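Results of the structural survey
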Amino acid sequence: MSTAVSANTPESVESTAARGTAERPLRIAIIGSGPAGVYAADMLTKSEEVRDGLVLGIDLFDRYPAPYGLIRYGVAPDHPRIKGIVNALHKVLDRGDIRFFGNVDYGTDLSLEDLQTHYDAVIFATGAIKDADLNIPGIELDGSYGGADFVSWYDGHPDVPREWPLTAKEIAVIGNGNVALDVARVLSKHADDLLVTEIPDNVYAGLKESPVTDVHIFGRRGPAQVKFTPLELRELSHSRDVDIVLYEEDFDFDDASDEAVKTNNQIKTMVGTLTNWLVEQDDDAADPTTGASRRLHLHFLHNPVEITGEDGKVTGIKFERNELDGTGNARGTGEFIDYPVQAVYRSVGYFGSALPDVDFDHRRGVVTNDGGRVLGADGTQVPGVYATGWIKRGPVGLIGHTKGDALETITHLLADRTELPAAVVPAADAIGALLESRGVEFTSWEGWNELDAHEKALGAAATEAGPVARERVKVVSREEMVSVSRSAGVLR
Ligand SMILES: Cc1cc2nc3c(=O)[nH]c(=O)nc-3n(C[C@H](O)[C@H](O)[C@H](O)COP(=O)(O)OP(=O)(O)OC[C@H]3O[C@@H](n4cnc5c(N)ncnc54)[C@H](O)[C@@H]3O)c2cc1C
């Protein structure tokens, strides 16, 4: 591979040149090429300061050879409309004024000191990839899984095992947010109905073998307190040969619920959807379903207290029945219910991971910050270090919400720009040379385009060979991702 860096900024730098000029661009590193990182880069390039002549040199780093963060490794494969967002992010990075360095891990391949040596400012946009903990007895049993790990598997994440044990007939999914819906939907769908998506071959093969008949989703509070969004909830009813089952005794509404239905359109829509589904069920029949081969049960007011097992394996899950307390919160009733299940997926939220040399709020799972300005352990601002996206705000909200984060962070960075500590080695080609000297097999934007084209070609080949049209088949192995990417050869 050629290591030449034909940068968007000059290679030799007059150390005396003013920062933010063509001779000495203001150098900014962004760690993480998920939506938050790309939006931050894009907004910086479109800022008023840049329109007024400020020259920036922006480098975007990611630990994977592929950009887009959780859009690639979180969003469910059967959500193709999200691809529209990928197209917009692709256009930003394809313009040529932001460089992409893939397969570079902050903390392993580059330290904060390295970044501060080469850049005037650093923005962390490292998101979240792990499950929040659920501390109940039995959580360690074989058959008890983190929903985020399952998501990583079905989305073809390079660093997780290729095999996923799909042997359970009855499955519990704990959580009442959109990720719980994704996990339950993918578990209950027929694999053939996912074949049109970009799922990797090993995922299709794994899901195809699944003997699942019943997936139960459990929430601690009532139907008016769910954290789903209406579109994602309605989508449950679109799965072929999957019945939705609801339970009348779970439809409890307190004063706070009534108020939420009155004042919040989303809640009103979702309570309407759930109530309609309940009414449509034939309550009088012994079996309220249409006879589909798989069922997706939605339970409310269930607080998980223990995962039960035998010989180290999950055999069931115990809940305490909750009731609403008038304020929309739930309290236990002292009544316990057991469900026989062979697998439990906890999907009670994601949680950010601490980053080396950066103060971390372990309670919230975010980099300690004030409006995106990173703070040290003593609460004072760390000059030139910023955060955006889920690692700044916590792992909640949709892709669009990361735009607001990015705007706040870059506004603060640009306001601080004359005070930023100056990079010691600001030459644009220095960072590539450093990575090269460390033997880091970094990839480029051209490399991603090569990999993108390769995955689309695999999709075309699968379309020729198989029963359905496939736009893309994801490459899962990191080695293969890197080797295809580096075959593009050029770093600009
Ligand atoms: C399962 C799931 C499904 C979702 N579905 C939807 C949906 O359908 N619609 C929607 O709008 N939103 C959805 N979201 C929310 C959306 O994914 C997030 O709002 C968004 O991705 C957050 O963006 P981010 O850039 O902060 O983080 P991320 O998307 O997590 O991006 C962070 C990036 O940083 C990189 N990184 C992390 N650590 C390092 C390191 N040490 N060195 C280098 N790089 C690093 C990661 O590789 C990653 O590319 C979903 C989220 C999840 C978890």
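Residues numbered from 1 in each chain as written. Predicted model: local features only at pLDDT ≥ 70, side-chain atom pairs only at ≥ 80, totals over all residues. Heavy atoms only, no water.

1. Digging into the pattern of salt bridges
Under the convention used in this document: Think of a salt bridge as a Lys or Arg side-chain nitrogen and an Asp or Glu carboxyl oxygen that are within 4 Å of each other.
A full pass over the atoms with the stated rule returns 31 salt bridges. Taken together, the shared-partner salt bridges connect Arg72, Asp155, Glu198, Asp452, Glu455, Lys456, Arg472 and Lys474 into one network.

2. Observations concerning the site of the ligand
The condition is simple: For each residue, the test is whether any non-hydrogen atom lies within 4 Å of the molecule or strand; if one does, the residue is near. A 3.5 Å cut-off defines polar contacts: any pair of N or O atoms within that distance qualifies, except that in protein one atom must be a possible hydrogen donor and the other a possible acceptor, and neighbouring residues in sequence count only when both atoms are side-chain atoms. Working definition of accessibility: Shrake-Rupley area with a 1.4 Å probe, residue cover restricted to the visible protein chains. Where each domain begins and ends follows an automated or database-derived domain assignment.
Surrounding the ligand, one finds 32 residues, the nearest of these being Asp62, Tyr64, Leu70, Tyr106 and Trp390. Here a nitrogen atom of the ligand and a side-chain polar atom of Asp105 are 3.2 Å apart. Summarising the interface, the protein chains cover 94% of the accessible area of the ligand, which totals 1,000 Å² for the free molecule. Split by domain, the residues of the shell around the ligand number at least three in each of domain 1 (26–129 + 352–486) and domain 2 (130–350).

3. Observations regarding helix α15 (residues 445–465)
Where we set the bar: To qualify as a helix, a DSSP run of H or I must reach at least 4 residues; to qualify as a strand, a run of E must reach at least 2; elements of each kind are numbered from the N terminus. Given the number of residues in a helix, its expected span is that number minus one, multiplied by 1.5 Å. Per-residue accessibility, obtained with a 1.4 Å probe over protein chains only, is compared with the maximum for each type, and a residue is labelled buried under 20%, exposed over 50%, and partly exposed between these values. Working definition: the arc comes from the directions between the helix axis and the C-beta atoms, pointing outward to the latter.
With 21 residues, α15 should reach 30 Å at 1.5 Å per residue; the first-to-last C-alpha distance of 30 Å fits that figure. Taken together, the buried positions of α15 are occupied by Trp445, Gly447, Trp448, Leu451, Asp452, Glu455 and Gly459. Seen end-on, α15 carries its buried residues on one side only, within an arc spanning 160°. Facing away from the buried surface of α15 by more than 90 degrees, the exposed residues are Glu464 and Ala465.

4. Describing the packing of aromatic side chains
This is how it is decided: Note on aromatic pairs: the rings of Phe, Tyr and Trp (six-membered ring only in Trp) are paired at centre separations within 6.5 Å, and the planes decide the class, stacked below 30 degrees, edge-to-face beyond 60, tilted for the rest.
In total, this model carries 21 aromatic pairs according to the counting rule given. Ring centres of Tyr106 and Phe124 lie 4.9 Å apart, and the angle between their planes is 65°; this geometry places the pair in the edge-to-face category. Residue Tyr106 is located in the loop between β3 (98–101) and α5 (112–118), and its partner Phe124 is located in strand β4 (residues 121–124); the two are separated by 18 residues in the primary sequence. This pair shows no difference in class: Tyr106 is buried, exactly as Phe124 is. Each member of the aromatic cluster is reached from another via a ring pair, and the members are Tyr145, Phe150, Trp153, Tyr154, Trp164 and Tyr345.

5. Considerations on the nonpolar core
Just so we agree on the cut-off: Definition of nonpolar core: a set of buried residues of the types Ala, Val, Leu, Ile, Met, Phe, Trp, Tyr and Cys, connected through side-chain atoms within 4.5 Å. When checking whether two residues touch, look at their non-hydrogen atoms; a contact exists if any pair is within 4.5 Å.
By size, the foremost hydrophobic cluster in this structure holds 53 residues, and its most contacted members are Phe150 and Tyr345. Shared between two domains, this core takes at least three residues from each, and those domains are domain 1 (26–129 + 352–486) and domain 2 (130–350). Non-local contacts of Phe150, meaning those with residues more than four positions away in its chain, are made with Trp164, Leu166, Val183, Val186, Leu187 and Tyr345. The next biggest cluster of nonpolar side chains, apart from the first, holds 42 residues, and it includes Val38, Ile98, Ala406 and Leu414.

6. Describing the environment of Ile30
Its place among the elements puts Ile30 in strand β1 (residues 26–31). The spacing of Ile30 and Ala330 is 300 residues in sequence and 41 Å in space, taken between C-alpha atoms. Sequence-distant contacts of Ile30, defined by excluding residues within four places in its chain, comprise Gly37, Ala40, Ala41, Leu44, Ile58, Asp59, Leu60, Phe61, Ile123 and Ala125.

7. Some details on the domain arrangement of the chain
Here is the rule: The term buried area means the drop in 1.4 Å probe accessible area that two parts suffer when joined, counted for both and summed.
One can read the domain layout of the chain as domain 1 (26–129 + 352–486) and domain 2 (130–350). Taking only C-alpha atoms into account, the centre of domain 1 sits 32 Å from that of domain 2. At the junction of the two partners, domain 1 supplies 31 residues and domain 2 supplies 29 residues. For the pairing of domain 1 and domain 2, the buried interface totals around 2,600 Å² over both sides, and the portion due to carbon and sulfur atoms is 53%. Considering only the surface of domain 1 that becomes buried against domain 2, Pro77, Ile129 and Val476 emerge as the three largest contributors, covering 25% of it.

8. Some remarks on the sheet that holds strand β11 (residues 302–310)
In a beta sheet, neighbouring strands pair by backbone hydrogen bonds and run either parallel or antiparallel. Convention followed: Here, a strand pair is defined by DSSP locating no fewer than two bridges between the strands. A fitted line through C-alpha atoms serves as each axis, taken over the contacting stretch for helices, and the angle formed by two N-to-C directions is quoted from 0 to 180°.
Read from one edge to the other, the open sheet built from three strands follows the order β11-β12-β13, with strand pairing classed as antiparallel. Both edges of this open sheet fall to β11 and β13 (330–340), since each of them pairs with a single strand only. Ignoring strand direction, the axes of neighbouring strands in this sheet form an average angle of 25°. The pairing of β11 with strand β12 (residues 313–324) spans eight bridges and is antiparallel. Residue pairing in the sheet places Asn303 in a bridge with Glu320 of β12.

9. Focus: the packing of α15 against helix α16 (residues 478–486)
The test is simple: An angle counts as roughly parallel when it lies under 35 degrees, as roughly antiparallel when it exceeds 145, as roughly perpendicular when it falls between 65 and 115, and as oblique in every other case. Handedness of each helix crossing follows the sense of rotation of the near helix against the far helix: counterclockwise by less than a right angle gives left-handed, clockwise gives right-handed. Each residue gets one of three labels, nonpolar for Ala, Val, Leu, Ile, Met, Phe, Trp, Tyr, Cys and Pro, charged for Asp, Glu, Lys and Arg, and polar for the others, Gly among them.
It is the contact of α15 with α16, at a shortest axis distance of 7 Å, that shows an interaxial angle of 115°. The pairing of α15 with α16 is recorded here as roughly perpendicular in orientation. Between α15 and α16 lies a crossing whose hand is right-handed. Contacts between α15 and α16 pair Gly447, Glu450, Leu451 and His454 from the former with Glu480, Met481, Val484 and Ser485 from the latter. Looking at the contact of α15 with α16, its residues break down into three nonpolar, three polar and two charged.

10. Structural notes on unusual backbone geometry
Residues other than glycine predominantly adopt negative phi, and peptide bonds predominantly adopt the trans conformation. Even without glycine at this site, Asp241 takes up a positive phi of about 60°. Take Asp241: it is sitting in the loop between α9 (230–235) and β9 (242–246). Judged by relative accessible area, Asp241 falls into the partly exposed class, the value being 29%. Positive phi values are uncommon outside glycine, yet Asp311 reaches one of about 50°. Secondary-structure assignment places Asp311 in the loop between β11 and β12.

11. Looking at the sheet that holds strand β14 (residues 343–346)
The parallel open sheet is built from six strands, whose spatial order is β6-β14-β7-β8-β10-β9. The two strands at the open ends of the sheet, each matched to only one other strand, are β6 (144–146) and β9. Taken over all neighbouring pairs, the strand axes of this sheet differ in orientation by 20° on average, direction set aside. Both strand β7 (residues 170–174) and β14 contribute to a ladder of four bridges, which runs parallel. Residue pairing across strands places Ala172 opposite Val344, the latter belonging to β14.

12. Some details on the pairing of β14
Burial along β14 is two-sided: Ala343 and Tyr345 and Val344 and Arg346, pointing in opposite directions, are all buried. Pairing analysis gives three bridges linking β6 to β14, with the strands arranged parallel. Looking at the pairing, Ser144 lines up with Val344 of β14.

13. Some remarks on the side chain of Asp109
We count it as follows: Two residue types count as positive, namely Lys and Arg, and two as negative, namely Asp and Glu; His and chain ends fall outside the count.
Tracing the backbone through its elements, the reader meets Asp109 in the loop between β3 and α5. Buried within the structure, Asp109 lacks any salt-bridge partner; its nearest side chain of opposite charge belongs to Arg478, at an N-O separation of 7.0 Å. In this structure the side chain of Asp109 is engaged in a polar contact, spanning 2.7 Å, whose partner is the backbone nitrogen of Asp105. Leave out the neighbours within four places in its chain, and Asp109 touches Asn103, Val104, Asp114, Leu435, Arg438 and Val440.

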